[in-house]
Amino acid sequence: MAGLYIHIPFCKQACYYCDFHFSTNQSQRRELIELIAREIALQRQYLNANPLDTIYWGGGTPSMLTAFELDLLVDAIHKNFSIVMHPEVTLEANPDDLSPEKLALLKTVGINRLSIGIQSFDDNILKFLNRAHRTSEAIQCIHQARKAGFDNISIDLIYSIPGQDDALLNKNLATALALNPEHISAYSLTVEEKTVFGRWASQGKLTAMAEDVSAQQFLLVMDTLGLHGYDHYEISNYCRPGFESKHNTSYWQQKPYLGVGPSAHSFDSVSRQCNVSNNYHYASALRENRLPFDREVLTPANKINEYIFTSLRTRPGCNLQHLKTTLKYDLIDQNRAYIEMLVESKHMELKDNSLVLTRSGKLLADQISSDLFVILEK
Ligand code: SF4
């Protein structure tokens, strides 16, 4: 089994916090979509004939696509890959795109899971983030998606936003819970350098939330969603039982996937490759049937570190047997004193031969992973 990721690099407007690859210039959109279809054909061997069990339309804003553009890409996928009987097919959507007509169209092209970029249910915060939608559209689109027959809906929320205090975060969570989505992704706002927020921060116009306040908000989200029956199955992801994102889970389980479109990543167990993050250079290469990616062959240390980093963020944790048998690495032997200290201080537990972070350990996930990393050879 394998996954396919399709990156649609266009957005209506730039959210001030976003450092994903996208362009607000739509003038070359049709041609670029055609070139992504071409890339799909050129990459048909990448997955070694493994059938697709997950397809993920991300971006950018794939919910902007027209019927013609969606059909073009869906045709290319079906012509070049085999697909299992009941694949998970997710599309990232913005509320302002999800009219009843668009929802019906998405159903007809086989989308069976929506990941909706809500971010906040407060209009002032949405304006501050420069989102293109307002709260009323966010709530309405979920009701309309239900009417259109979508029974697997994920929503994205952001916490640690300057100006979004605990009371407002609680209100957002209550609104989210009342809508009963199957899945919630909750991300802490990070101020990235090459964004509007990054510029404001460097000019002293924006101060990121203090780390301890941000950590409290993480706990608030985790505890509230846990209390309402959501499984915290990955550090930023919560779901009703059985509604884990299969696509993202396969990333964390190091299963192979192909990413197409500018900036998309691919993984084939041996190497990772990353397409150029520039629509112009992407198009220039594809017009000449060239694939515009950089490839990195993973060393044993890369593989061990990637496994430690991703697995510690997940509910099952870091499986010591997998590390020993597949990656030939004895994590306990190499870090006995440190791991004993983490267990003693109740940041980590040993369950079924796996190291699992506790509630307090999740606050330190990045630090703990990097402390456990194998030093990379130069
Ligand atoms: S819509 Fe999504 S991808 Fe586009 S700018 Fe906003 S956050 Fe980034």
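Bear in mind that the values here come from a model prediction, so they are computed numbers and not experimental data. By convention here, each chain's residues receive numbers from 1 onward along its written sequence. In keeping with the predicted nature of the model, local features appear solely for residues at pLDDT of at least 70, side-chain atom pairs appear and are counted solely at 80 or more, and the whole-chain, interface and lining totals rest on all residues. Side-chain numbers here rest on the full set of heavy atoms in the structure, without hydrogens or water.

A. The arrangement of the pattern of salt bridges in detail. We define a salt bridge as a side-chain nitrogen of Lys or Arg found within 4 Å of a carboxyl oxygen belonging to Asp or Glu. In this structure the tally under the stated criterion is 15 salt bridges. Of the charged contacts in the structure, one is a salt bridge between Arg 313 and Asp 366, with a shortest N-O distance of 3.6 Å. Taken together, the positions of Arg 313 in the loop between α11 (300-312) and β13 (318-319) and Asp 366 in helix α15 (residues 365-372) put the pair 53 residues apart, joining distant regions of the chain. Here's how the labels work: a residue is buried when its accessible area is under 20% of the maximum for its type, exposed when over 50%, partly exposed in between, all with a 1.4 Å probe on protein chains only. What makes Asp 366 partly exposed here is its relative accessible area of 48%. Through salt bridges with shared partners, one network takes in Lys 12, Asp 96 and Asp 97. For the purposes of this entry, the term helix denotes a DSSP run of H or I that reaches at least four residues, the term strand denotes a run of E that reaches at least two, and both are numbered from the N terminus.

B. The pairing of strand β5 (residues 153-159), seen in detail. With seven of seven residues buried, β5 lies mostly within the body of the structure. Residues Ile 153, Ile 155, Leu 157 and Tyr 159 line one face of β5 and the alternating positions Ser 154, Asp 156 and Ile 158 line the opposite face, and both faces are buried. Strands are labelled as partners when DSSP assigns at least two bridges between them. Across five bridges, strand β4 (residues 113-119) lies against β5 in parallel orientation. Looking at the pairing, Ile 116 lines up with Ile 155 of β5. Bridging between β5 and strand β6 (residues 183-188) involves six bridges; their strand directions are parallel. Across the sheet, the residue bridging to Ile 158 is Tyr 187, located in β6. Assignment of crossover handedness uses the view with strands pointing away from the viewer, where a clockwise path from the first strand over the helix to the second indicates a right-handed crossover. As for the winding sense of the linkage, the β-α-β connection from β5 through helix α6 (residues 166-179) to β6 is right-handed.

C. Just the domain arrangement of the protein chain, in detail. Where each domain begins and ends follows an automated or database-derived domain assignment. Once the domains are mapped, the protein chain shows domain 1 (2-252) and domain 2 (300-372). Computed over C-alpha atoms only, the centres of domain 1 and domain 2 are separated by 29 Å. With 13 residues of domain 1 in contact, the opposing surface of domain 2 contributes eight residues. As used here, buried area is the combined drop in accessible area, with a 1.4 Å probe, of two parts when they are placed together. Summing the contributions of domain 1 and of domain 2, the shared interface buries around 1100 Å²; its carbon and sulfur component is 57%. Linking domain 1 with domain 2 are four salt bridges, by the criterion used here. Between N or O atoms, a polar contact is any pair within 3.5 Å; within protein, one atom must be a potential hydrogen donor and the other a potential acceptor, and residues adjacent in sequence are included only when both atoms are from side chains. In this assembly, domain 1 and domain 2 are joined by seven residue pairs in polar contact (both at pLDDT 80 or more). The set of elements that each furnish at least two residues to the side of domain 1 that touches domain 2 consists of α8 (211-227) and β7 (231-234). Among the elements that take part in the side of domain 1 that touches domain 2, α8 stands out by supplying five residues, more than any other. The nonpolar class holds Ala, Val, Leu, Ile, Met, Phe, Trp, Tyr, Cys and Pro. Asp, Glu, Lys and Arg form the charged class, and all remaining residues, Gly among them, are polar. Taken together, the residues of the side of domain 1 that touches domain 2 sort by class into seven nonpolar, two polar and four charged. In this analysis, two residues are considered to be in contact whenever any of their non-hydrogen atoms come within 4.5 Å of each other.

D. Spotlight on the packing of helix α1 (residues 29-42) against helix α2 (residues 67-80). Axis angles are defined between N-to-C directions and span 0 to 180 degrees, where every axis is a line fitted to C-alpha atoms and, for a helix, only to the segment in contact. Two elements in contact, α1 and α2, have axes separated by 9 Å at closest approach and are oriented at 10°. What the angle tells us is that α1 and α2 run roughly parallel. Here Arg 29, Arg 30, Ile 33, Glu 34, Ile 36, Ala 37, Ile 40 and Ala 41 of α1 lie close against α2, whose contacting residues are Phe 68, Glu 69, Leu 72, Leu 73, Ala 76, Ile 77 and Asn 80. Grouping the amino acids of the contact of α1 with α2 by side-chain chemistry returns 10 nonpolar, one polar and four charged. Oblique is the label for any angle not under 35 degrees, not over 145, and not in the 65 to 115 range, which are roughly parallel, roughly antiparallel and roughly perpendicular in turn.

E. Looking closely at the site of the ligand. Close contacts around the ligand come from Cys 11, Gln 13, Cys 15, Tyr 17, Cys 18, Phe 22, Gly 60, Thr 61, Asn 94 and Arg 131, and that covers them all. Classifying every residue of the shell around the ligand by side-chain character gives five nonpolar, four polar and one charged. Residue proximity to a molecule or strand is established when one non-hydrogen atom of the residue lies within 4 Å of it.

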